[in-house]
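Listed here are the chains, written in short residue letters.
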Amino acid sequence: MSSKSTKHSFKAETHKVLNILTHSLYTNREIFLRELLSNASDALDKFRFLQSKGDQMIHPELNSEIRITIDKDANCITISDTGIGMSMQEMQDNLGTIAKSGSEQFLKDMGADKASAPKEKAESDDKAEGDEVTDAFVEDEIIEKADDAVASDASQIIGRFGIGFYSVFMVASKVEVLSVSSLQNAQSDNAKGYKWESTGDSDYTIEPLAEDSELLRGTIIRAHLKADAKEFLEEYRLENIIRSHSNFLPFPIYLNDKLINTTPALWREPKFSIKPEQYDEFYTFLSDDKDKPFDVIHLAVDAPVQFNALMFIPNKTEDHFLEQRDSWGLDLYVRRVLIEKDRQELLPNYLAFVKGVVDTEDLPLNISRETLQENLVLRKISQTIIRQIMSHLERMAKSDKEKYNKFWKMHGKYFKFAFNDYAFRDRVATLMRFVSSTSAEELLSLDDYVARVKSAQKDIWYVSASSKEAARLNPHLERFKRKGIEVLYLLEPVDEIALESMTTYKEFTFKNIEQATSESLNEFTDVEENKPDLPEMTSEDSELFTEMLASMKEILNERVTEVRKSDRLSGSPACMASAEGMSSSMEKLMRSFQKDEGVPKKILEINQDHALVRSLVNIYKDDKTSSFFAEMTNSLFENTVLLDGYLSDPYIMAERALKIMEKAGEWYVDLRNK
Ligand code: ADP
Ligand code: MG
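Quick notes on the rules
Numbering of residues begins from 1 in every chain and follows the order in which that chain's sequence is written. Each chain is given a letter, starting from A, and each ligand a number, starting from 1, according to the order in which they appear as written. Local features in this predicted model are restricted to residues whose pLDDT is 70 or higher, and side-chain atom pairs enter the listing and the counts only when it is 80 or higher, whereas totals over whole chains, interfaces and linings include all residues. No hydrogens and no water enter the side-chain calculation; it runs on all heavy atoms of the structure. For the purposes of this entry, the term helix denotes a DSSP run of H or I that reaches at least four residues, the term strand denotes a run of E that reaches at least two, and both are numbered from the N terminus. The buried label goes to any residue with under 20% of its type's maximum accessible area, the exposed label to any with over 50%, and the partly exposed label to all in between, with areas taken from a 1.4 Å probe on protein chains only. The criterion used for residue contact is that any of the two residues' heavy atoms lie within 4.5 Å. A 1.4 Å probe and the Shrake-Rupley method give the accessible areas. Residues count as covered only by the protein chains that appear here. Identification of polar contacts relies on pairs of N or O atoms within 3.5 Å, with a donor-acceptor requirement for protein atoms, meaning one able to donate a hydrogen and the other able to accept it, and with residues adjacent in sequence counted only if both atoms are side-chain atoms. We define a salt bridge as a contact between a side-chain nitrogen of Lys or Arg and a carboxyl oxygen of Asp or Glu at a distance within 4 Å. Given the number of residues in a helix, its expected span is that number minus one, multiplied by 1.5 Å. We call two strands paired when DSSP finds no fewer than two bridges between them. In this analysis, axes come from line fits to C-alpha atoms, helices being fitted only over the stretch in contact, and the angle between any two N-to-C directions falls in the range 0 to 180 degrees. In these notes the angle categories are as follows: under 35 degrees is roughly parallel, over 145 is roughly antiparallel, 65 to 115 is roughly perpendicular, and the rest is oblique. The crossing is said to be left-handed when, going from far helix to near helix, the turn is anticlockwise and less than a right angle, and right-handed when the turn is clockwise. Residue classes follow a fixed rule: Ala, Val, Leu, Ile, Met, Phe, Trp, Tyr, Cys and Pro count as nonpolar, while Asp, Glu, Lys and Arg count as charged, and any other residue, Gly among them, counts as polar.

Draft legend 1. Main features of the overall build of the protein. Assigned secondary structure in the protein consists of 22 helices and 22 strands. For the protein, buried positions account for 51% of its 674 residues. The contacts in the protein between residues at least 6 apart in sequence include a share of 73% that link residues at least 24 apart. Looking at the protein as shown, the accessible area adds up to about 32700 Å², and 49% of this sits on carbon and sulfur atoms.

Right, here's the structure in full:
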């Protein structure tokens, strides 16, 4: 110790924290560098601010920059900045006590569990006399809790403190801080600057800088590494840490004279100054996707919270199914420092395809992941972001239909899940796109549908099917085609759930065509000729038909609830109908929840004006107990069930079809030989 050196003790709670840091194993030790670099960046920011205010600063010719040097021989890394620096008093105040933000946060978290409201504003810059915790009882409490936490999980505790600067003691056995304040009259005793030094035990010393010190302005931190922290002497290791945590700090960071942070924090730049290529480049940096993004959404928001966000919509569909995606959300930055990648609270899962970053001034740098979870600031940011994305998509849908349809084809299958978000339900309904019986290729919106409904039409009709083809062949669709009523094709299970839970769009009710009663459609006149070429059934055949239906019910037995005459079919011989309520796709969904894989019991409806059914009547007339009639009945049933979306036993079905073909073949030959 030199003659001018003074010795100081750390405040009790600081001492405790240091103890935890120096004596516990903490896996994420690399964050010490993030903390030191952020402090350097803050110091450069403060310098810039005061200078821009017109204050006289020393050595204005120096570049604003951060330099890191590794000295393997000395076992030491040095981080220097040309920022605002510290006077002796500032060293004592700032490096001798836990940052106010940290201790306050800690008190909130550790004190009464109930009052654990997260702190929303970083207050690191306004430490003043009296900020240290002085209440003896509270202090004891901290220490006790801190001890508990050491025993359980040191990393938890570290996350909870605004430890900042002290984190360097996780890797260093001795730390020297050399500083020259940039304010010319800051020095009390005409010293050029001061050196603070500590081994992280109970005290630290401060002494004037040597006369021949080369430090002109700012701060140099020398961390003498612990024996088990030699990894941080490796250049590539430090480079990786800088890139992953501090890549976007607004000042150049040199590591052994090599500039590391070359990508600018684009989200902080004014929109008009950014070239499209810069966005593309940043997107590639962010997503590893070599293609250009489909779209860019760049936000700068001041109220209700301050944040910048830069988000991209990729130009391709992600293959993962929603629930299985493990990484989505936005990367969260606090003042350009990465806090967490893929922070999920920032985006609802229906926007999981969006990639991007959010940067806010309204969170402290040291906020822990646990605290983030119920954080009000994050919630506000997220709500604002959702609203902005919705508006963005609405504008796109209006101004560039083709582009929007492309968006829908790529991301609609995620985005449509937004119907679950009550706050946005109406807006999502307007943004949904479909194909339909009259527009099987080109996407339409509900507004398109509504614009061309029949007068007196009160419902928006839909059919659920696994493909367009299946939808087109659905027997229930026939009546609607005949009457020229457009029917939406819902091709994914979620579609029906979405429409059912929305119930209405504008003054129209969503309805499944399977549930259409004939009365409800009677008021619409046929636009297509419906009558089959077949003559009216004779009254004798009509009676026989009714009898035949009873016989079919006997053959099908438990497999159907009823066999009845249909009044809804024209092109198809039969269809399955539900008694009431649930549509077949809803039923399928319920059954998949119940792991029921059988074919549900339904009503089989038979179209008496179909040629196949007329033949059946004749076969039945000929021999009411013929096995062929039974085969035909079974086959008709199986085919109808298939069109309804179920396939119970394909082998039986194939076998039966082959038998019938065999018979048909025999008869054909017989006929020819007659
Ligand atoms: P925080 O950054 O949250 O305030 P830290 O523990 O990281 O807490 O730093 C404590 C204080 O030390 C800072 O607020 C700042 O006043 C001072 N300080 C730390 N590093 C520097 C630096 N490189 N230049 C100037 N002041 C610094
Ligand atoms: Mg800090």
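Draft legend 2. Spotlight on the side chain of asparagine 634. Note that asparagine 634 resides in helix H21 (residues 627-643). In terms of polar contacts, asparagine 634 uses its side chain to reach the side chain of arginine 559, at 2.7 Å. In this structure asparagine 634 touches Ile555, Leu556, Arg559 and Arg656, once residues within four positions along its chain are discounted.

Draft legend 3. Highlighting the pattern of salt bridges. Under the counting rule described, the total for this entry stands at 43 salt bridges. With its nearest N and O atoms 3.1 Å apart, the salt bridge here joins aspartate 289 to lysine 316. With aspartate 289 in the loop between helix H8 (276-287) and strand S10 (295-301) and lysine 316 in the loop between strand S11 (307-313) and strand S12 (330-334), the pair connects residues that are 27 residues apart, well separated along the chain. The class of lysine 316 is partly exposed, set by a relative accessible area of 40%. With its nearest N and O atoms 3.5 Å apart, the salt bridge here joins aspartate 295 to lysine 403. A residue pair is termed long-range when its members are at least 10 positions apart, and aspartate 295 in strand S10 and lysine 403 in helix H11 (residues 401-415) qualify at 108 residues. Its relative accessible area of 26% is what places lysine 403 among the partly exposed residues. When salt bridges with common partners are traced through the structure, they connect Arg29, Glu30, Asp228, Glu231 and Arg237 into a single cluster.

Draft legend 4. The arrangement of helix H22 (residues 650-673) in detail. Taking 1.5 Å per residue as the helical rise, H22 with its 24 residues ought to reach 34 Å, and the 35 Å between its terminal C-alpha atoms agrees with that figure. If you check which residues of H22 are buried, you get Met653, Arg656 and Ile660. Of the surrounding elements, those touching the buried residues of H22 are H21. Measuring from the side-chain oxygen of the N-cap residue of H22 to the backbone nitrogen of tyrosine 651 gives 3.0 Å; that N-cap residue is aspartate 649.

Draft legend 5. Representation of the sheet that holds S12 within the structure. What the five strands build is an open sheet, ordered S10-S11-S14-S12-S13; its pairing is mixed. The open sheet terminates on both sides in strands that have one partner only, identified here as S10 and strand S13 (337-343). In this sheet, adjacent strand axes meet at a mean angle of 15° when their direction is disregarded. Where S11 lies against strand S14 (residues 355-360), six bridges are found, and the strand directions are antiparallel. Bridge pairing in S14 links alanine 309 to valine 358.

Draft legend 6. Molecular detail of the packing of helix H20 (residues 611-622) against H21. Two elements in contact, H20 and H21, have axes whose closest approach is 10 Å; the angle formed by their N-to-C orientations is 155°. Regarding the angle of H20 to H21, the classification is roughly antiparallel. Our pair here, H20 against H21, has a crossing hand that is left-handed. Residues Leu612, Leu616, Ile619 and Tyr620 of H20 form the contact with H21, whose own contacting residues are Phe628, Phe629, Met632 and Leu636. Partitioned by chemical class, the residues of the contact of H20 with H21 number eight nonpolar, no polar and no charged.

Draft legend 7. How the structure looks around the pairing of strand S22 (residues 602-606). Of all five residues in S22, five are buried; the element is thus mostly enclosed. The pairing of strand S20 (residues 560-565) with S22 spans five bridges and is parallel. When the bridges of S22 are listed, lysine 565 appears paired with isoleucine 606. The pairing of strand S21 (residues 574-577) with S22 spans four bridges and is antiparallel. From the neighbouring strand, alanine 574 faces S22, where its bridge partner is isoleucine 606.

Draft legend 8. Quick peek at helix H18 (residues 539-556). Taking 1.5 Å of rise per residue, 18 residues should cover 26 Å, and H18 covers 26 Å from first to last C-alpha, within 8% of that figure. Taken residue by residue, H18 has Asp541, Leu544, Phe545, Met548, Leu549, Ser551, Met552 and Leu556 as its buried positions. On the buried face of H18, the contacting elements are S20, S22, H20 and H21. Where H18 ends, the next residue or the one after it, asparagine 557, has phi of about 50°, a positive value.

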